[in-house]
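# Observations on chain architecture
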Amino acid sequence: MKEAAYRNSAGGLIDRDRPLKFYFDNVSYQGFAGDTLASALIANGVHLTGRGFKYHRPRGIYTSGTEEPNALVELREDARREPNTRATLIELYDGLSAMSQNRWPSLAFDILSVNNLLSPFLPAGFYYKTFMWPKQFWEKMYEPFIRRAAGLGRAANKPDPDRYERATLHCDVLVVGAGPAGLVAALAAARSGARVVLAEQDHRVGGHLLSTSTTLDSKSAESWSDDIRTEIEAFEDARLLTRTTVFGYYDHNILAAVERLADHLPVPGAHGARQKLWRIHASRVILACGAFERPLVFGNNDLPGIMLTSAARTYAMRYAARPGSRAVIFTNNSSGYDALADLAAGGVNIVAVIDPRSDIDSQSIAQAEAVGARILNRAVILGARGHLHVRGVDVDAAGVRERIDCDLLCVSGGWNPDVHLHSQTGTRPVWSPDIAGFIPAESRQRELSIGGAAGQFDLANALITARQRGLDAARECGFMSSAFDLPDVAKGSSAYSIEPLWRVAGYHGKALVDMQNDVKETDIGLSAREGYKSVEHLKRYTTLGMATDQGKLSNVNGLGILADELGFSIESVGTTTFRPPVLPVAIGVFAGSSRGQHFSPTRYTPMHDWAVRHGAKFVEAGQWLRPRYYPRDGEDMLAASCRETLATRNSVGLCDVSTLGKIDVQGADAPEFLNRLHSNGFARLPVGKARYGLMLREDGLVLDDGTTTRLAEHHYFMTTTTAEAAAVMAHMEYYHQAIWPQLDVQYCSVTEQWASMAIAGPNSRAVLQKVLTRIDLSNEAFPFLAATEFNLGNFRARLFRISFSGELAYELNVPAGYGESLWQALMNAGKEFGITAYGTEALGIMRIEKGHIAGPEVNGQTTAGDIGLGSMLSSKKEFIGRPLAAREALVDSAREQLVGIRCNDSSMRLYAGAHLVEPDKAAVIENDLGHVTSVTYSPMLKTWIALALLKGGTTNIGKTLKAVNPLMKHEVNVEVVSSQFFDPENTRLHV
Amino acid sequence: MRINCPLCGERASDEFSYLGDATPGRPPSGASLKEWHDYVYLRDNPRGPHHEYWHHVGGCRAWLVIHRDTFTHEIFDVGLACDIEESVG
Ligand SMILES: [Zn+2]
């Protein structure tokens, strides 16, 4: 590791007491705390950082900020490897390791730079034209080639080990950008007492002032900025977010920002998040995002050693890193001259200023003379010379050609206000001839821009406006304050003046407009000649502005050239649409903590802990975890669930059914409401009775089924399936509120309030009677579909005689907190009968054996008739779905309808999803007769059985068909039977 | 977006779920199959002002009728569906 040869011994906002070692392409270098990766590379004389996207031309650090098109690197390693990271934004930390991208085998020698020679074959629209070549050429040659060549880094291929967070902020005034204008506006609003959020991308405040020797009230830029920062941070209702990029502007003044909490560290601290996504709700927004300097388009303008003038100034002043020793400045505006003194103070010898304008103001001339630089006016650079670094420029000054040697070329084509966020509000920026740039238009949101972002480049005036806008924004939110004194700004610069220059005529070599996507000046002309004249077409055809920098540097030059080609004015060409995000944002921060198990909440039933203690295996049912089976030593799922089924059918079983949706319905019109919701009658359901109910959607298809019990005259208790609980609740709310608000009915979800357990089997009554000693459970006193509510100890309980298994069965509901103790009481009482806990698998076996429908049959496409419930459509009343359920196609007897199927060869199994065809027909769509919905091995029938939806339904009973599952490469002959496989007369139910 | 629920005040739009066009009225008893078909299946999707059903599903559970510009997302008015239906009759 050697000393940084291009580091000045004094000056800059770096901490020379904290040297940091870092690696670029596995070579070690030294930087200091306060450096970015880019500034540290420049201090070490490293400019070459990447290769162009298409032509693999060598590229260097071009900017000092977010708009960087070239210096994109892979940062970090392994699972934390992050491609396309801007070296200009990476804060240096000790041990940092970055790799250049898009080069092979090495940066200085790149085989694919032959593309540079092949470039006549890689014109604009190359990718689109290539699609028209023979398909096999594309797949075998061009796509792999382009993918390899496209480079742009490799994403990590392991799970991201870091944590991310999401949070919301509400404020009166959000100020985006803590440059001088943003600081003053935020201070004005904060002094008024408004809730202020000030978001700054950098880790320190001051913006572009930090790159200059500007003094304010005789203070340096950084101490003036830091003083305001201190004052703002002292306000209780003001908040400064540094390292925070506001990247999205959404409707109703909601903005999104990403705060990089730990990107400046090797790894995040223990339990710390790496990044945080902020959603900011702001009453007023002030955009103080500054402006981007514009490149100039001339020959070989992408050589390393060529950079924006503002970037060179930043490296020299803020980082004390000399970007070169002998510089030429190419500028068409006065700001290029403003940088001269600072560059010279930073140790850069400026030999010439090349200016295409004929008249240059006296202040600018004085600035050039002060640093001993020649001015060549009416002059342009035709081309830069050099291979891996600029060595000189060919100048045309009013027709006189001259070559000037240099190792740094600073360009300034003017300034583009950063209108990205403003444009996201849904408006288009407008052209300002004064600054030759797009400035914010009237906003569609409560937002306005100040400072450079508004095209206001004069510091003193920008501060006056910023103060006023800050006070105005606070006042609009109800906070009053008066103006305060602004600092004296040392006047040294002239009023901003510019003559646009979109491209140099007669340049030699390639002239790049979009360096990140390798769009050349000639591509724009080609695009216009081929008919892509709209700016949106130009963008897509040439890919101008479509890279990760979204055309921050290139767009306006591209528009200017297109306008030239078409003979239009630039304002009539217009701009493309700006979309979020302003900067690429890691997917991880959008996910936040919603990863893996934290993606959505997990719901546990009241008896969950008991099931865990008894070794249950669980299944996810939506957010619920349900016991699936309770294996005993060595049992697999099938063995366990068959044992649980046999134990239930032969004696007694207990099942946790707490996940069923439960809705309490009350009110004078509750009977009427339920009657309209259900296809079957509910108006005359007696108190103390339960009834199986079916609900349709308005289109006549089945919504859900469940049991509803009348507990009292105006009090009902309704259950839904686990899956449809939320949908049924919303459905009821919609019909009650939006269609029948006059009905006097109230209802509430009570799913979480009740623990529910089903006790089933011939001995269920005996077990239950031991626990419910005061209730007469005899068949005469408490027959099938009876229901009652009673006191059990010190709480209310409900008992329903309903059955999903086809056995004598009850469902007991107790308040959730008593669930586990009731469950345990039943298990204890049932010990003498060998009571067995059963899970959803056994539940499924028994319901299929009984032909009861569930989710696979109520699939959103089935009618009541399809699933054997046609008789539940009342003809005596109106109900939701009745009119459209009568449509011809929905009552067609050839529809796929519910049947049972069974394997007569008990050694063969069935698969859900298998399609049914005639045994001698091919398994193709034309021969499809339906499909298998639910399958199980039946321990009672001792073979595989299934429910299926089959064309013509039960008219096929007795037929042999073939069940084909191509995914499992499986087919088997099956017999069509009734869906009621077991105890079709329900003799076991009514005992 | 932010939606000003008449019961809860101004809330972020992700507390709400969207149903769609609130203009069609549910056909009366005895309506023809065609009227029912049109009610269930035919929906306007205008670019501009529109009356829509929203459900404050993560809040008070009220169904709302929101008069909103689908292009600018400007919200002109938010009412409870039950009030609006009652005034319609
Ligand atoms: Zn609400």
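Residues numbered from 1 in each chain as written. Chains lettered and ligands numbered in written order. Predicted model: local features only at pLDDT ≥ 70, side-chain atom pairs only at ≥ 80, totals over all residues. Heavy atoms only, no water.

## A look at the overall build of chain B
Counting its secondary structure elements, chain B contains two helices and six strands. Counting from the amino terminus, chain B carries its helices and strands in the arrangement β-β-β-α-β-β-β-α. Counting only C-alpha atoms and orienting by the principal axes, one finds that chain B spans roughly 40 × 25 × 20 Å. Counting all 89 residues of chain B, 38% fall into the buried class. Within chain B, contacts between residues separated by at least 24 positions form 42% of all contacts whose residues are at least 6 apart in sequence. In chain B, the 8 positive side-chain charges and the 14 negative ones have mean positions that sit 5 Å from each other. (Helix = DSSP H or I, 4+ residues; strand = E, 2+ residues; numbered from the N terminus. Buried < 20%, exposed > 50% of the residue type's maximum accessible area, 1.4 Å probe, protein only. Contact = heavy atoms within 4.5 Å. Lys, Arg positive; Asp, Glu negative; His and termini not counted. Charge placed at Lys NZ, Arg CZ, Asp CG, Glu CD.)

## What about the coordination of the zinc ion?
Residues and elements named next belong to chain B. Looking at the zinc ion, the protein donor atoms are Cys5 (SG), Cys8 (SG), His56 (ND1) and Cys60 (SG), and they sit 2.0 to 2.3 Å from it. For the zinc ion, the four donor atoms in the first shell make angles of 104 to 114° at the metal, so the coordination geometry reads as tetrahedral. Summarised as a motif, the one-chain spacing of the donors to the zinc ion is C-x2-C-x47-H-x3-C. You can see Cys5 sitting in strand 1 (residues 2-5) and its partner His56 sitting in the loop between strand 4 (49-55) and strand 5 (63-69), a full 51 residues away along the chain. Cys5 sits in the buried class, given a relative accessible area of 1%. Look at His56 and you get buried, because its relative accessible area is 0%. (Donors = N, O, S within 2.8 Å, 3.2 Å for Na, K, Ca; no water. Tetrahedral: all angles 85-135°; square planar, octahedral: opposite > 155°, others 65-115°.)

## Focus on the nonpolar core
One recurring pattern in soluble globular proteins is that nonpolar side chains are buried together. Membership of the largest hydrophobic core comes to 103 residues, with the highest contact counts inside it found for Leu37(A), Phe298(A), Phe330(A) and Ile354(A). Membership of the second largest hydrophobic core comes to 35 residues, among which are Leu183(A), Ile228(A), Ala466(A) and Ala473(A). (Core = buried A, V, L, I, M, F, W, Y, C linked by side-chain atoms within 4.5 Å.)

## Regarding the pairing of strand 22 (residues 392-397) of chain A
Residue and element names in this part refer to chain A. With respect to burial, strand 22 is a largely interior element, six of its six residues being buried. Residues Gly392, Asp394 and Asp396 point to one face of strand 22 and Val393, Val395 and Ala397 to the other, with burial holding for every one of them. Relative to strand 22, strand 21 (residues 379-385) runs antiparallel, the two being bridged by six bridges. Counted as the bridge partner of Ala379 is Ala397 from strand 22. (Pairing = 2+ DSSP bridges.)

## Thoughts on the side chain of Asn8(A)
Residue and element names in this part refer to chain A. Summarising the element assignment, Asn8 is placed in the segment before strand 1 (15-24). Residue class for Asn8 comes out buried when judged on its relative accessible area of 12%. Excluding its chain neighbours within four sequence positions, the residues that come into contact with Asn8 are Arg16, Ala316, Ala320, Arg322 and Gly346.

## Overview of the environment of Val176(A)
All names here are of chain A. Relative to the assigned elements, Val176 resides in strand 8 (residues 164-176). Owing to a relative accessible area of 7%, Val176 belongs among the buried residues under this scheme. Along the primary structure Val176 and Gly851 are separated by 675 residues, whereas in three dimensions their C-alpha atoms are 64 Å apart. Those residues in contact with Val176, other than ones at most four positions away along the chain, are Ala199, Val246, Ile286, Leu287, Ala288, Cys289 and Leu421.

## Observations regarding helix 21 (residues 725-739) of chain A
Taking 1.5 Å of rise per residue, 15 residues should cover 21 Å, and helix 21 of chain A covers 21 Å from first to last C-alpha, within 8% of that figure. Burial runs high along helix 21 of chain A: 13 of the 15 residues are buried. (Expected span 1.5 Å × (residues − 1).)

## Brief notes about the packing of helix 13 (residues 521-529) of chain A against helix 15 (residues 555-566) of chain A
Residues and elements named next belong to chain A. In the contact formed by helix 13 and helix 15, the axes pass within 9 Å of each other and the chain directions differ by 45°. Between helix 13 and helix 15, the crossing angle belongs to the class labelled oblique. Handedness of the crossing formed by helix 13 with helix 15: right-handed. For the pair helix 13 and helix 15, the contacting residues are Glu521, Ile524, Gly525 and Ala528 in the first and Gly558, Ile561, Leu562, Glu565 and Leu566 in the second. (Axes fitted to C-alpha atoms, helices over the stretch in contact; angles between N-to-C directions. Parallel < 35°, antiparallel > 145°, perpendicular 65-115°, else oblique. Left-handed = near helix turned anticlockwise from the far one by under 90°.)

## Topic: the sheet that holds strand 39 (residues 746-749) of chain A
All names here are of chain A. With antiparallel pairing, five strands are arranged side by side in an open sheet as 36-37-38-35-39. Bordering the open sheet on either side are strand 36 (689-696) and strand 39, each of which pairs with just one other strand. Going from strand to strand, the sheet's axes swing by 25° on average, the running direction of each strand aside. Strand direction decides the pairing type here: strand 35 (residues 661-666) and strand 38 (residues 715-720), joined by six bridges, are antiparallel. In the strand pairing of strand 38, Ile663 is matched with Met718. Relative to strand 38, helix 20 (residues 670-677) is tilted by about 25°, and along the sheet it contacts strand 35, strand 36, strand 37 (702-712), strand 38 and strand 39. Across the sheet, helix 21 touches strand 35, strand 36, strand 37, strand 38 and strand 39, and the angle it forms with strand 39 is around 160°.

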